[in-house]
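Results of the structural survey
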Amino acid sequence: MPTLSSDDAFAEVKAKVDLVKVVQEHVRLTKRNKDFWGLCPFHQEDSPSFKVNPQMQSWYCFGCERSGDVFTFVELIEKTDKRGALQLLAERAGVELKKLSPDQRERADLRKRVLDMLKLAAQYYEYVLWKTPTGEPGRRLLESRRVGEETARRFQLGYAPAGRGFAEYLRAKQRSLADAQEAGLMRRDGTDFFAERLVIPIRDERGQALAFTARTVRADEQRKYINSPETASYIKGRVIFALDLARDEITRRGHAVLMEGQFDVITSHHFGVTNAVASSGTALTDDQVRLLKRFTDELLLVFDSDRAGRAAMRKAATLAAAHGMRTRVVILPDAKDPDEFLRAAGPDAATRWEDLVARAASGFEAGMAEDSAGLNPSNPNQVELVAGRLRDWIRQFPEGLRDGYAEAAERHTGISRHLLLRDPEPAPIPRPTNGLAGRVAGKKLSAGSYLVQLLAVRPVAFERVRPMLTPQELDQSDRAIFVRMLESYERGGPSGLEAELAGYPPEEQDLIRRAWAAPPPNVDDEVAVELAERIRLDHMKGRHSGIIRELSEAERGRDSDMVARLEAEARELGRAIQEMERRG
Ligand SMILES: [Zn+2]
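Residues numbered from 1 in each chain as written. Predicted model: local features only at pLDDT ≥ 70, side-chain atom pairs only at ≥ 80, totals over all residues. Heavy atoms only, no water.

1. Details of unusual backbone geometry
Going by this rule: The numbering of helices and of strands both runs from the N terminus, where a helix is a DSSP run of H or I of at least 4 residues and a strand a run of E of at least 2. Categorising residues by exposure relies on relative accessible area from a 1.4 Å probe, with only protein chains included: less than 20% of the type maximum marks a residue as buried, more than 50% marks it as exposed, and the intermediate range marks it as partly exposed.
In this structure, N33 takes a positive phi of about 50 degrees despite not being glycine. Its location among the elements puts N33 in the loop between β1 (30-32) and β2 (35-38). Given a relative accessible area of 78%, N33 falls into the exposed group.

Pasting the structure below:
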């Protein structure tokens, strides 16, 4: 079946839409000679310096010197990317981008049904929360957190009653229970997945509910929060919580406030910090940074002050820097999280928040201060230790920033910048591994990146890999590209990747083109299967050691229920790993 390649689609859409008409929906234009003039929508001005040329179908601003065609205009004005602009304009022009196979149509249809169901569920939960006696525990929880109805409604918070309330509601409306299961809202026995919880919709940047996170209202419940499983509509690492509500204020203020918890964000909006968002259930990912970068170049990081929070802050700072974004770090005095800080500040919250923002140091400086805390410059051992830490820290930022950072660190600690920029020790030789990885080791390829390269060269191998592997089982560094390639494959079959490559982030395009030019050592389905098994095994081992770590925490905290649960989980996983290793 023929598909419209990206280039063709751009050309066809461009031929069918008129730039002047598109611009006129946002800017009042006046005709002068052949051209149209208006106030530039991309910078502040009083007299028109924004010019549209209808013959060339191009625009230019003499003030801010931005320019482009209809796609760049839509990209900037709708804060979307090239693909998003293409989609918006294609809809408008009535150009069908892809001819779908029956299989793809079914998947697209499922996604639509899941989204409809999530929307319905959000409305139902919200109704229960505010309009029924059953919603009382949810209302009490909000009251104790001092979240008012207006804020709660903006986030469309709701309450899921005990039992089968949602199932009964669907029956009354003659809707499909299967769709609700597909959407992760209902267990097989018809009970509500989120029963007795305050539910918080996780929406995309356009306000569409993709999933829920839900907080228990019961004191005796071990799991405080549970989340929707990943579904046809939801991939965790792609969504920024509250971006739909915060996007305008982010643009206006010039920065986004990135927090760890969804509830922190809700409280923040309640107290007037309406540019707050959260990375939603995962450490910050490349996709999330890219999404934020559409709206701003600066992130204000507000993370917990514990060890995990500080590590997450560092990761966010370097990840943002890798995408050319600046970060600053807000330190909360006498409070463990923003929720606590703002509630304690009460009516002064907005002013006290502004003070903190004004004092926030850069992400680099915050890490530097931590690394050099308590340094005694006359103790050579200490100096060496701190220099080592700072060297590692500086090296995590893009090369262009390092000289400046070393200089700042020299000013701060007195340690010579030359010492701080010295080359690292030679990297240790990777330990040899068995089987397939042995073959891979020579090229220093992880199983995950081997698989990605293999799939780039041989997309049809997705048929074998897809049922074996979920994206979560891949390392984070391979996950985004894997998912994107899978989606291209599902939309466009074996030629989907080639057709859609132009819409990929540049570094992924690079990687794929390199794989095409120099394919990995063995490219066939059997190797793909072997790699997928290897990745699953590694993932299970990682989870296993994670559980063992949690277990020792739980033992220390004398949490016997938790210990029993974790032990059972670890045993089961251990068995599965053994089983896999025996087979492999
Ligand atoms: Zn301008």
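2. Points about the packing of aromatic side chains
The description of an aromatic ring pair uses the distance of the two centres, along with the angle that the planes make with each other. Threshold: The criterion for an aromatic pair is that two Phe, Tyr or Trp rings (for Trp, the six-membered ring) have centres within 6.5 Å, with stacked assigned to planes under 30 degrees apart, edge-to-face to planes over 60 apart and tilted to the rest. Charge-over-ring contacts are defined here by two conditions on Lys NZ or Arg CZ: a distance within 6 Å of the ring centre and an angle within 35 degrees of the ring normal.
Evaluation of the coordinates by the stated rule reveals 25 aromatic pairs. Between W393 and F397 the ring centres are 4.9 Å apart and the planes differ by 80 degrees, which places this aromatic pair in the edge-to-face class. Here W393 and F397 have matching classes, each one buried. Taking the ring centre of W37 as reference, the NZ or CZ of R32 above it sits at 4.7 Å. The ring centre of Y504 lies 5.9 Å from the NZ or CZ of R484, which sits over that ring.

3. Examining helix α18 (residues 399-413)
Since the α-helix advances by 3.6 residues per turn, residues separated by three or four positions end up pointing in the same direction. Under the convention used in this document: For a helix, the expected span equals 1.5 Å multiplied by the number of residues minus one. By definition, residues are in contact when any of their heavy atoms lie within 4.5 Å.
An ideal rise of 1.5 Å per residue puts 21 Å on 15 residues; α18 measures up with 21 Å between its terminal C-alpha atoms. Burial in α18 covers these residues: Y405, A406, A408, A409 and T413. Where α18 is buried, its residues contact α16 (363-371), α17 (380-395) and α19 (417-421). The first or second residue beyond α18 is G414, which carries a positive phi of 80 degrees.

4. A short note on the coordination of the zinc ion
Our working definition: Note that water is not among the atoms used; donors are N, O and S atoms within 2.8 Å of the metal (3.2 Å for Na, K and Ca), so sites may look incomplete. For four-coordinate sites, all angles between 85 and 135 degrees define a tetrahedron; for four- and six-coordinate sites, opposite donors beyond 155 degrees with the remaining angles between 65 and 115 define square planar and octahedral shapes respectively, and all other cases count as irregular.
The zinc ion binds to the protein through C40 (SG), H43 (ND1), C61 (SG) and C64 (SG); the donor distances cover 2.0 to 2.3 Å. Each of the four donor atoms bound to the zinc ion contributes to angles spanning 101 to 117 degrees, and the resulting shape is tetrahedral. Expressed as a motif, the donor residue spacing for the zinc ion is C-x2-H-x17-C-x2-C. In this pair, C40 is assigned in the loop between β2 and β3 (50-53) and C61 in strand β4 (residues 58-61), connecting sequence segments 21 residues apart. With a relative accessible area of 0%, C61 lands in the buried category.

5. Description of the pairing of β3
The side chains of a regular strand alternate between both faces of the sheet. Note the cut-off: At least two DSSP bridges between two strands are required for those strands to pair.
Direction of pairing for β2 relative to β3: antiparallel, over a ladder of three bridges. From the neighbouring strand, G38 faces β3, where its bridge partner is F50. Where β3 lies against β4, four bridges are found, and the strand directions are antiparallel. Looking across to β4, one finds that V52 is bridged to W59. Turn length for the β3-β4 hairpin, with the two strands adjacent in sequence and antiparallel, is four residues, and the turn residue Q57 shows positive phi of about 50 degrees.

6. Some points on the packing of helix α3 (residues 70-78) against helix α4 (residues 82-93)
Using the following cut-off: To obtain an axis, a line is fitted to C-alpha atoms, over the contacting stretch when the element is a helix, and the angle between two such axes runs from 0 to 180 degrees between their N-to-C directions. Roughly parallel covers angles under 35 degrees, roughly antiparallel covers those over 145, roughly perpendicular covers 65 to 115, and oblique covers all other angles. Think of it as three bins: nonpolar holds Ala, Val, Leu, Ile, Met, Phe, Trp, Tyr, Cys and Pro, charged holds Asp, Glu, Lys and Arg, and polar takes everything else, Gly as well.
The contact between α3 and α4 brings their axes to 9 Å, and the two run at 105 degrees. In terms of their interaxial angle, α3 and α4 are classed as roughly perpendicular. Facing V70, F71, V74, E75 and E78 of α3, the residues of α4 in contact are K82, A85, L86, L88 and L89. The residue makeup of the contact of α3 with α4, split by class, is seven nonpolar, no polar and three charged.

7. Quick notes on the sheet that holds strand β7 (residues 197-203)
Read from one edge to the other, the open sheet built from four strands follows the order β6-β7-β8-β9, with strand pairing classed as antiparallel. Bordering the open sheet on either side are β6 (158-160) and β9 (225-227), each of which pairs with just one other strand. Averaged over all adjacent pairs, the angle separating strand axes in this sheet is 35 degrees, with direction ignored. Of the strands in this sheet, β6, β7 and β8 (209-216) touch helix α6 (residues 136-144), which is tilted by about 75 degrees from β7. The sheet contacts of helix α11 (residues 262-270) involve β7, β8 and β9, and relative to β7 the element is tilted by about 85 degrees.

8. Some details on the confidence of the model for the protein
Applied cut-off: pLDDT is a per-residue confidence score from the predictor, ranging from 0 to 100.
In the predicted model, the protein carries a mean pLDDT of 86, and 93% of its residues have values of at least 70. The spread of mean pLDDT over the elements of the protein runs between helix α20 (residues 435-441), the lowest at 41, and β6, the highest at 97. Note that pLDDT drops below 50 for residues 426-443; the model gives that stretch 13 contacts with residues more than four away or on any other chain.

9. Quick look at the pairing of strand β10 (residues 256-259)
Just so we agree on the cut-off: When the strands point away from the viewer, a crossover counts as right-handed if the route from the first strand across the helix to the second turns clockwise.
Burial along β10 is two-sided: the residues A256 and L258 and V257 and M259 are all buried. Inspection of the sheet shows β10 paired to strand β12 (residues 298-302) by four bridges, in the parallel sense. Counterpart to M259 in the pairing with β12 is V302. Across three bridges, the pairing between β10 and strand β11 (residues 276-278) is parallel. The residue of β11 that forms the bridge with L258 is V277. Handedness of the β-α-β unit built from β10, α11 and β11 comes out right-handed.

10. Digging into the nonpolar core
Using the following cut-off: Remark: nonpolar core denotes a set of buried residues (Ala, Val, Leu, Ile, Met, Phe, Trp, Tyr, Cys) joined through side-chain atoms within 4.5 Å.
Among the nonpolar cores identified, the biggest contains 64 residues, and Y125, F166, L185 and W353 are the most heavily contacted of them. Counting residues per element, this core draws most heavily on helix α5 (residues 102-131), at 13 residues. Residues contacting W353, with those up to four places away along its chain left out, are V257, M259, V273, L300, V302, V330, L332 and F341. If you look at the next biggest cluster of nonpolar residues, it comprises 40 residues, including L284, F295, W393 and Y405.

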